[in-house]
Amino acid sequence: ETGVTQTPRHLVMGMTNKKSLKCEQHLGHNAMYWYKQSAKKPLELMFVYNFKEQTENNSVPSRFSPECPNSSHLFLHLHTLQPEDSALYLCASSPLGSGTQETQYFGPGTRLLVL
Amino acid sequence: SQQGEEDPQALSIQEGENATMNCSYKTSINNLQWYRQNSGRGLVHLILIRSNEREKHSGRLRVTLDTSKKSSSLLITASRAADTASYFCATDADSGAGSYQLTFGKGTKLSVIP
């Protein structure tokens with residue numbers, strides 16, 4: 001266990017549904033990240049939060065909406081997704097914030113299938 | 001653009017053999033990290049090597065870094081079936097405003113046959 005948990009672990013949703021992914025880190029870290037991992041593609045960084053403030057948004061479509069209510073919790077709200085959004089969504093955290101080059105600790109991921 | 005790229009894409013070896021995976025990158029880095037991912041799970045950090053280091057060891061892992069060739073290698077000695085996983089290198093890049101992003105390659109899928 002890395003100290004980063006994600007729920008749900010699996011999610012199937014229709015294109016008109018609204019759902020949320022949750023990430024929680026028990027490590028006291030200051031930075032949290034959302035990544036998307038699709039088959040046969042490199043891991044793609046989606047969002048970065050430093051001290052609860054969003055510092056990176058890598059041109060992610062607006063149908064993905066992140067929320068970071070405190071430094072331990074990170075959500076990814078999903079609405080009107082497309083089948084190509086089906087992927088493994090990984091949450092990660094790092095100790096000091098993304099202003100330093102440091103190790104990231106990953107959760108187990110949420111496997112999302114959009115029908 | 002993709003920063004790190006692993007080679008080979010897939011590697012199959014017998015238990016007890018050594019496994020070597022390579023990573024090439026394009027721009028200058030501050031450090032390079034290797035991560036491991038079991039099928040459908042999150043990534044687990046293995047080792048970090050800084051740009052001023054040439055070699056680093058951790059248990060059965062040995063990582064080398066050649067900044068002149070912009071390449072790194074990960075050697076797993078005396079492999080075990082439990083080493084079966086995908087291995088990724090990740091390089092840091094300054095995304096501006098004092099923020100660093102890790103850029104991952106597509107990974108090497110290692111299969112260790114008992």
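Please refer to the structure higher up on the page.
So, here is what we can say about the structure in this document. (Residues numbered from 1 in each chain as written. Chains lettered and ligands numbered in written order. Predicted model: local features only at pLDDT ≥ 70, side-chain atom pairs only at ≥ 80, totals over all residues. Heavy atoms only, no water.)

### A few points about the interface of chain A and chain B
It is common to give the size of an interface as the accessible area that goes away when the parts come together. To be explicit about the condition: By definition in these notes, contact holds between two residues if any of their heavy atoms fall within 4.5 Å. For this analysis, a salt bridge means a side-chain nitrogen from Lys or Arg found within 4 Å of a carboxyl oxygen belonging to Asp or Glu. Within 3.5 Å is the distance limit for a polar contact, defined as a pair of N or O atoms, with the added protein rule that one can donate a hydrogen and the other accept it, and that residues adjacent in sequence qualify only through two side-chain atoms. Numbering of helices and strands starts at the N terminus; helices are DSSP runs of H or I of at least 4 residues and strands are runs of E of at least 2. In this classification, Asp, Glu, Lys and Arg are treated as charged, Ala, Val, Leu, Ile, Met, Phe, Trp, Tyr, Cys and Pro as nonpolar, and every other residue, Gly included, as polar.
Contacts between chain A and chain B engage 23 residues on the former and 24 residues on the latter. At the boundary of chain A and chain B, one finds 0 salt bridges. On inspection of chain A and its partner chain B, the count reaches 5 residue pairs in polar contact (both at pLDDT 80 or more). For the side of chain A that touches chain B, the secondary-structure elements that each account for two or more residues are β4 (31-37) and β9 (87-94) of chain A. Considering only residue class, the side of chain A that touches chain B consists of 8 nonpolar, 9 polar and 6 charged.

### Details of the pairing of strand β7 (residues 61-66) of chain B
All names here are of chain B. The condition is simple: Here, any two strands with at least 2 DSSP bridges between them count as paired.
In the sheet, strand β6 (residues 55-58) pairs with β7 via 4 bridges, with the strands oriented antiparallel. The partner of Ser58 across the bridge, within β7, is Leu61. Counting the residues in the hairpin turn of β6 and β7 gives 2 residues, including Gly59, whose phi is positive at 60°. Where β7 folds back onto strand β8 (residues 71-76) in an antiparallel hairpin, the turn is made up of 4 residues, including Lys70, whose phi is positive at roughly 50°.

### Concerning the side chain of A:Gln37
With respect to the secondary-structure elements, A:Gln37 resides in strand β4. Here the side chain of A:Gln37 touches B:Gln37 through a polar contact of 2.8 Å, side chain to side chain. Apart from residues no more than four positions distant in its own chain, A:Gln37 is found in contact with A:Leu43, A:Ala87, A:Leu88, A:Leu90, B:Gln37 and B:Phe88.

### Considering the layout of surface pockets
To find the voids left in a structure, one rolls a probe of water-molecule size over its atoms. Note the following rule: Computed over the protein atoms alone on a 1 Å grid, cavities are sets of points where a 1.4 Å probe fits but cannot get out and pockets are open sets with protein on both sides within 12 Å along at least five of seven lines; a residue lines them when it has an atom within 4 Å of a point. Grid points are joined across faces, edges and corners, and a volume is the space filled by probe spheres set on the points.
Each pocket or cavity is described by its volume, and for the largest pocket that value is around 690 Å³. Lining the largest pocket we find 25 residues, and of these A:Lys40, B:Ser86, B:Phe88, B:Lys106 and B:Lys109 sit closest to its centre. Contributions of two or more residues to the lining of the largest pocket are made by β9 of chain A together with β1 (4-7), β9 (85-96) and β11 (108-113) of chain B.

### Some remarks on the sheet that holds strand β1 (residues 4-7) of chain A
All names here are of chain A. Our working definition: Fitted lines through C-alpha atoms give the axes, limited to the stretch in contact for helices. The angle between two N-to-C directions lies from 0 to 180 degrees.
Spatially, β1-β3-β8-β7 is the arrangement adopted by the 4 strands of the open sheet, whose pairing is antiparallel. The open sheet has two edge strands with one neighbour each: β1 and β7 (64-70). Sheet twist, expressed as the average angle between the axes of neighbouring strands with direction ignored, equals 20°. Where β1 meets strand β3 (residues 18-25), 4 bridges bridge the pair, whose relative direction is antiparallel. Directly across from Thr7, in β3, lies its bridge partner Lys22.

### Topic: the pattern of salt bridges
If charged atoms from side chains of opposite charge come close, those side chains can pair. Residues and elements named next belong to chain B. What counts is decided by this rule: Exposure is judged per residue with a 1.4 Å probe applied to protein chains only, and the accessible area is read against the type maximum: over 50% gives exposed, under 20% gives buried, and values in between give partly exposed.
Going through the model one piece at a time under the given rule, you end up with 6 salt bridges over all chains. Linking Asp83 and Arg36 is a salt bridge whose minimum nitrogen-to-oxygen distance equals 4.0 Å. Of this pair, Asp83 sits in the loop between β8 and β9 while Arg36 sits in strand β4 (residues 31-37), and the two are 47 residues apart along the sequence. Classification of Asp83 by relative accessible area gives buried; the value is 6%. Among the charged side chains, a network of salt bridges with common partners joins Arg36, Arg60 and Asp83.

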